[in-house]
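Each chain is listed here by its residues.
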Amino acid sequence: MTFTTKNLERARTIVASYPRPKSAVLPLAHLAQDQDGWLSPEAMREIALMTGIEPAEVLGTCSFYTMFKRDPVGRLVVSVCTNVTCLVTGGPELLEHLVDRYSDDDEVFVEEVECLASCDGAPAMQVNYEFHDGLTTASAEDIIEAYKRGELVARGTSGGRLS
Amino acid sequence: MSAVETRIITKRIRDRAEDSWTIDGALASGAYEGLKKAIAIGRDAIGQEQVKASGLRGRGGAGFPTATKWSFLPEASFPRYLVINADEGEPSTFKDRMLLEADPHQLIEGIVIAAYAIECNLAFIYLRGEFALGYERLVDAIAAAHAKGFLGSNILGSGFDLEIVVHRGAGAYICGEETALLESLEGERGMPRIRPPFPAIEGLYAKPTVVNNVETISTLPHIVLMGGDEYAKLGVNRSTGTRLFSLSGHVKRPGNYEVELGITFRDLLYSPELGGGIREDRAVKFFIPGGASSQWLIGSDEHLDAPLDMDYVQQTFGVMLGSGAVMVYDETVNPVLVAWRLAKFFAHESCGKCTPCREGTGWIEKVLFRIVNGHGRPQDLDMLFDVCESISPGVMNAPFTQTTICPLGPSAVSCVASLQKYFRDEVLAMCAGPALIPVSAS
Ligand SMILES: Cc1cc2nc3c(=O)[nH]c(=O)nc-3n(C[C@H](O)[C@H](O)[C@H](O)COP(=O)(O)O)c2cc1C
Ligand code: SF4
Ligand code: FES
């Protein structure tokens, strides 16, 4: 990948907003993932160039953070919480159900995550970082299907496609 | 009389649910009036007079007095940075997310007041990466505040300049720890630094830096408007003012409640206007105050009638009010299952920099996992305890010590110490009996 013209402009603005360019590694990695849906080796090379560091350093930083996907994933990233409130309100069962249901679906990537700060509506999940809570296995599936049909759309941060 | 909310930092959010996050909604309900007053009274009157008099203590977890933290900044050393900790990842804490999404202008106003007081011209908001709506609202609110002259150069004619950069994290609980956060903001892996030096002396880019929590900073406009002395009349002892409590689990009305410090846990859990009691009117088996890092309390009168007073609960029971989370479990819940899930969390989130934490958290998780699955051995609880002692010597007798660089290691031990204190017989019975609930290791 390379940044699109518009994203390159965004990237330059981001780098300029920090006293030191290296601080822009995470925001540029987010931008690349917003554009491509994952963080490719080419993207990390371009980020290294823009921040004046080695590609290995970009990888070293980015591999620490679970949000960055270093392999392509489905268009819909479904993050299901199983932490201690969701644990006793159906989170683990929801995760198991969705993993089974979408195991053959290339469009949907289901992952287990830690507390999403949505515990008052446990069990909770995010689809492309949009919050959904008070879920049952059936309602969660309905929501994911609505994203698949394009009736629900995430606001275009990671997992979306920012052109 | 039953306990009710005291709405200071949640007033706008509750009164103007339809548009509290917009500049129009905020301005129509008094936003930036605190900033105007702050500029009028002058920089020196803010920190060491008003904030000091208010008794405000950090809402991020440690409860450190805010004015004291600011006073550590070395004189005449510039630039200085202000960094807002909006990484909210402590399990079962969801108050900052609400403040960010529903009232970004209150936070921005607080940031300008704090930055003006400590003479900082560039502030950062380190925002949890998963908060997409919060990010959008913050970015929009910053642009709107700029357009109205509350940010940028010569703010409201004061001659003071400030820019705010929103920096998104990317999924690492440890980045909530203030020095790991600064590493992350510098483009590094989020691994904590050895302190001292503390951030106030050598923080971001080795410059003097103040790190404060979202709720702490959101309180500032109100302290300036009310006057620090008036604010300090709220609350109890050295726990002044109000705090937001994130109540979750088996209460009838889970949610965020802003209450005056000093009401009791029973008030919080049972008042019809607050938690509303336990689902199906069951009994409380145990509850975890202060987030996953705290030790637990049980449903005894002694514990339920304890006041929400940061020092009292620490000194009396060795627990924290921490991040303001309160997770409530009724009698149907197996405490070992909850402990295992907490242990799994800490094992996953340990940054790996120190050996006792990296190795110990993994061991705790493994042993609890086998107990939950019916493969426990009678000696397991004591073995767990040895591991905990290696991370946090003296863990049963707070204040304990730590062998690690940051407090995450000792936090991972809290669940085991709590099992030992309150549920030892239950654990031993499980070590002898069949699996209670099959869980998958992932
Ligand atoms: C593992 C760990 C995670 C933390 N996570 C957070 C967090 O998400 N938000 C926060 O404000 N403070 C968090 N803290 C506390 C911060 O280190 C720091 O004390 C706080 O941001 C200071 O702000 P305050 O004085 O306004 O509370 C965490 C601490 C540790 C050890
Ligand atoms: S205690 Fe754990 S999380 Fe903290 S620095 Fe050490 S290894 Fe990292
Ligand atoms: S425990 Fe699941 S959202 Fe907090």
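From a predicted model like this one, the values you see are computed outputs, not experimental measurements.

K.L.:
Would you explain the interface of chain B and chain A in this entry?
P.N.:
As a measure of interface size, the accessible area lost when the parts come together is often cited. Taken residue by residue, the interface counts 56 residues in chain B and 40 residues in chain A. Taking both sides of the interface into account, the surface hidden between chain B and chain A amounts to around 3900 Å²; carbon and sulfur atoms contribute 57%. Scanning the region where chain B abuts chain A turns up five salt bridges. Here glutamate 188 of chain B makes a salt bridge to lysine 22 of chain A, at a shortest N to O gap of 2.8 Å. Applying the counting criterion to the chain B and chain A interface returns 24 residue pairs in polar contact (both at pLDDT 80 or more). When residues in the side of chain B that touches chain A are grouped by element, the largest group, eight residues, is from helix H15 (residues 335–349) of chain B. In the side of chain B that touches chain A, the residues fall into 27 nonpolar, 15 polar and 14 charged.

K.L.:
Explanation requested: the domain arrangement of chain B in the structure shown.
P.N.:
Residues and elements named next belong to chain B. For chain B, the assigned domains are domain 1 (11–232), domain 2 (241–330) and domain 3 (335–432). Between the C-alpha centres of domain 1 and domain 2 there is a distance of 27 Å. Contacts between domain 1 and domain 2 engage 17 residues on the former and 20 residues on the latter. Each partner contributes to the roughly 1500 Å² buried at the junction of domain 1 and domain 2, and carbon and sulfur atoms together form 50% of this total.

K.L.:
In this structure, what is going on with the pairing of strand S9 (residues 284–289) of chain B? I would like to understand it.
P.N.:
Looking along a regular strand, one sees the side chains alternate between the two faces of the sheet. Residue and element names in this part refer to chain B. Among the six residues of S9, five are classified as buried, and the element is accordingly described as predominantly covered. Note that S9 and strand S11 (residues 325–330) share five bridges and pair antiparallel. Counterpart to phenylalanine 287 in the pairing with S11 is valine 328. Summarising the sheet, S9 and strand S10 (residues 297–298) pair through two bridges and their orientation is antiparallel. Looking at the pairing, phenylalanine 287 lines up with leucine 297 of S10.

K.L.:
Whenever I open this one, the site of ligand 1 confuses me. Can you help?
P.N.:
Residue and element names in this part refer to chain B. Surrounding ligand 1, one finds 17 residues, the nearest of these being Gly60, Lys69, Asn212, Asn213 and Thr216. Between ligand 1 and asparagine 85, the relevant distance is 2.9 Å, taken from an oxygen atom to a side-chain nitrogen or oxygen of the residue. At a separation of 3.3 Å, an oxygen atom of ligand 1 approaches a polar backbone atom of glutamate 88. Contact with the protein chains covers 89% of the free accessible surface of ligand 1, which is 620 Å². Take the shell around ligand 1: its biggest share by element is three residues, from strand S4 (residues 209–213). Partitioned by chemical class, the residues of the shell around ligand 1 number three nonpolar, eight polar and six charged.

K.L.:
Any chance you could explain the site of ligand 2 here in plain terms?
P.N.:
What surrounds ligand 2 is a group of 13 residues, the closest being Cys351, Lys353, Cys354, Cys357 and Cys406 of chain B. For the shell around ligand 2, a count of residues per class yields eight nonpolar, four polar and one charged.

K.L.:
Where do I start with a nonpolar patch on the surface in this structure?
P.N.:
Residues and elements named next belong to chain B. Taken together, the side chains of Phe64, Phe72, Phe198 and Ile201 present a nonpolar region at the surface, about 380 Å² in accessible area. Turning to its location among the elements, phenylalanine 64 is positioned in the loop between helix H4 (43–54) and helix H5 (66–71). The class for phenylalanine 64 is partly exposed, based on a relative accessible area of 36%.

The rules behind the values
Residues numbered from 1 in each chain as written. Chains lettered and ligands numbered in written order. Predicted model: local features only at pLDDT ≥ 70, side-chain atom pairs only at ≥ 80, totals over all residues. Heavy atoms only, no water. Contact = heavy atoms within 4.5 Å. Buried area = accessible area lost by both parts, 1.4 Å probe. Salt bridge = Lys/Arg side-chain N within 4 Å of Asp/Glu carboxyl O. Polar contact = N/O pair within 3.5 Å; in protein donor to acceptor, adjacent residues only side chain to side chain. Helix = DSSP H or I, 4+ residues; strand = E, 2+ residues; numbered from the N terminus. Nonpolar A, V, L, I, M, F, W, Y, C, P; charged D, E, K, R; others polar. Domains from an automatic or database assignment. Buried < 20%, exposed > 50% of the residue type's maximum accessible area, 1.4 Å probe, protein only. Pairing = 2+ DSSP bridges. Near = heavy atom within 4 Å. Areas by Shrake-Rupley, 256 points an atom, 1.4 Å probe, with all protein chains shown as cover. Patch = residues over 30% accessible without salt bridge, like charges linked within 9 Å, V, L, I, M, F, W, Y side chains within 5 Å.

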